[in-house]
Amino acid sequence: MTISTATPPAPAASTAAAPKIGFVSLGCPKALTDSELILTQLSAEGYQTSKTFDGADLVIVNTCGFIDDAVKESLDTIGEALAENGKVIVTGCLGARTISKGATEKEAAQAGLSGENAENATENMVKSIHPSVLAVTGPHATQEVMDAVHLHLPKPHDPFLDLVPAAGIKLTPKHYAYLKISEGCNHRCTFCIIPSMRGDLVSRPIGDVLKEARALFEGGLKELLVVSQDTSAYGVDVQYRTGFFDGRPVKTRALELAQELGKLAQGYGAWVRLHYVYPYPTVDNLIPLMAEGLILPYLDVPFQHSHPDVLRRMKRPASGERNLDRIAQWRKDCPELVVRSTFIAGFPGETEAEFEDLLQFVREAQIDRAGCFAYSPVNGATANEIEGQLPQEVREERRARFMAVAEEVSTQKLKARVGSQMQILIDHAPALGKKGGRGRSFADAPEIDGVVHLLPPQKISKQLKVGEFTRAQIVGTQGHDLIAQPI
């Protein structure tokens, strides 16, 4: 959960106290970028943010509604905001969910487990459970949210009279930020309801994306994390049409985008990291950019499974038969490549043999960082209708077995780094690092991967500063993390 503490500049044209808005951002980085768009617009219009619910004139909750735990967290947060403030606007993925009329809060939180048919879902879930909220919108709905804010808390001044940071308001630390390049998804994976909430793929104009990236770098950014529902498909919806950046023609496609972002980043000594890269054959073209250091040698690829039959039941866009060969070729072309992925254990119809195939895949592919979910039915997903639904205890048991194998692989790969030197981006360094600090290497994305624990520098003159890079010698491991001595 991210509670905004960003404080926009005070209105220049008025001495009256600016209205304050409490803001909570839940869910994935894509939801975070939605929150940043809303906060940027709030800032442009002169609203300020409050660190507490009761100190705000109004509260906005950006929700997640993908799995049952996320639904419960979102509903609980809305309830907390209502109890402490009373004026709440809800946006995000949960805002697009529906449920049977008259359902209880417990039933709503378990809606993903019920397999309820869409035709029986006749009422907005949030409104059903918390009818006193002021307004509810779906995801990626900045203007709808602002319309609701204007209705209940009129804007204090003209946005053209006040300055806003060129890159907008960010909820991440100053040295890294997420850059969303598209919205929605063209795939219809049977376990997923994102297209029903966020729609089909809509790629942002490449010129706009690159302008935002440059503004971020100019503001001191040292790591740009590219996110979307399907980064590999960027530009498919516009047939890779040619856009313009600084008067130059640039094709709206993942390869050209990565090239341009990498060139921009080099001028500022910054990193570019790609997330949500579907394993299409076109991904092969990105590997040379990683090998030459233009973008980080890091691929976040959501494989989800390895067995062709399971992938077909999932309706995944890549069959999986050649993924081992492709990963081997990627590593041959770029030996430093780090692969992170997510998987689902216990998908409907998954046999023990299919699950063992998945475990063997993780071993052979040497997945550096792996996450795994025990399959959880999501209300509205077609996977609910697939025969062979597995008991919850079987799904959880397979998830535990998967994580044991994944951790074994990851631990071995981490130990292989002991003795090497790595560039570390510093995230935390109290007292200028005199007692050590914490950072990340190119192999670690913020919040989802491990970290590098930095020992106190041996040289008295050596300082560690948040948002800066330092070279460090890897001296040990600690679980999913590395231990390093700054050089």
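See the structure above.
Residues numbered from 1 in each chain as written. Predicted model: local features only at pLDDT ≥ 70, side-chain atom pairs only at ≥ 80, totals over all residues. Heavy atoms only, no water.

A. Region of the structure containing the pattern of salt bridges. Under the definition given, this model contains 23 salt bridges. Asp368 is the partner of Arg331 in a salt bridge, and the nearest nitrogen-oxygen pair spans 2.7 Å. In this pair, Arg331 sits in helix H12 (residues 323-333) while Asp368 sits in the loop between helix H13 (352-365) and strand E18 (369-374), placing the two residues 37 residues apart along the sequence. Note on accessibility: Arg331 and Asp368 belong to one class, buried. (Salt bridge = Lys/Arg side-chain N within 4 Å of Asp/Glu carboxyl O. Helix = DSSP H or I, 4+ residues; strand = E, 2+ residues; numbered from the N terminus. Buried < 20%, exposed > 50% of the residue type's maximum accessible area, 1.4 Å probe, protein only.)

B. Inspection of the packing of H12 against H13 at higher detail. Contact geometry of H12 with H13 gives a least axis separation of 10 Å together with a crossing angle of 15°. One finds that H12 runs roughly parallel with respect to H13. Considering how the two elements wind past one another, H12 and H13 form a crossing that is right-handed. On H13, the residues touching Asn323, Leu324, Ile327 and Arg331 of H12 are Phe361, Glu364 and Ala365. Of the residues belonging to the contact of H12 with H13, the class tally is four nonpolar, one polar and two charged. (Axes fitted to C-alpha atoms, helices over the stretch in contact; angles between N-to-C directions. Parallel < 35°, antiparallel > 145°, perpendicular 65-115°, else oblique. Left-handed = near helix turned anticlockwise from the far one by under 90°. Contact = heavy atoms within 4.5 Å. Nonpolar A, V, L, I, M, F, W, Y, C, P; charged D, E, K, R; others polar.)

C. Region of interest: the packing of aromatic side chains. Taken as a whole and assessed by the stated rule, the structure comprises 10 aromatic pairs. On the numbers, 5.0 Å between centres and 55° between planes, the contact of Trp271 with Phe469 is tilted. In this pair, Trp271 sits in strand E15 (residues 271-274) while Phe469 sits in strand E22 (residues 469-478), placing the two residues 198 residues apart along the sequence. Seen in terms of ring centroids, Phe303 and Phe361 are 5.6 Å apart; in terms of plane orientation they differ by 75°. Their pairing is edge-to-face. Here the residue Phe303 occupies a position in the loop between strand E16 (298-300) and helix H11 (308-314), and Phe361 occupies one in helix H13, the gap between them amounting to 58 residues. By relative accessible area, which is 3% here, Phe303 ends up buried. Its relative accessible area of 6% is what places Phe361 among the buried residues. Over the aromatic face of Tyr276 sits the side chain of Lys30, whose NZ or CZ is 3.5 Å from the ring centroid. (Phe/Tyr/Trp six-rings, centres within 6.5 Å; stacked < 30°, edge-to-face > 60°. Lys NZ or Arg CZ within 6 Å of the ring centre and 35° of its normal.)

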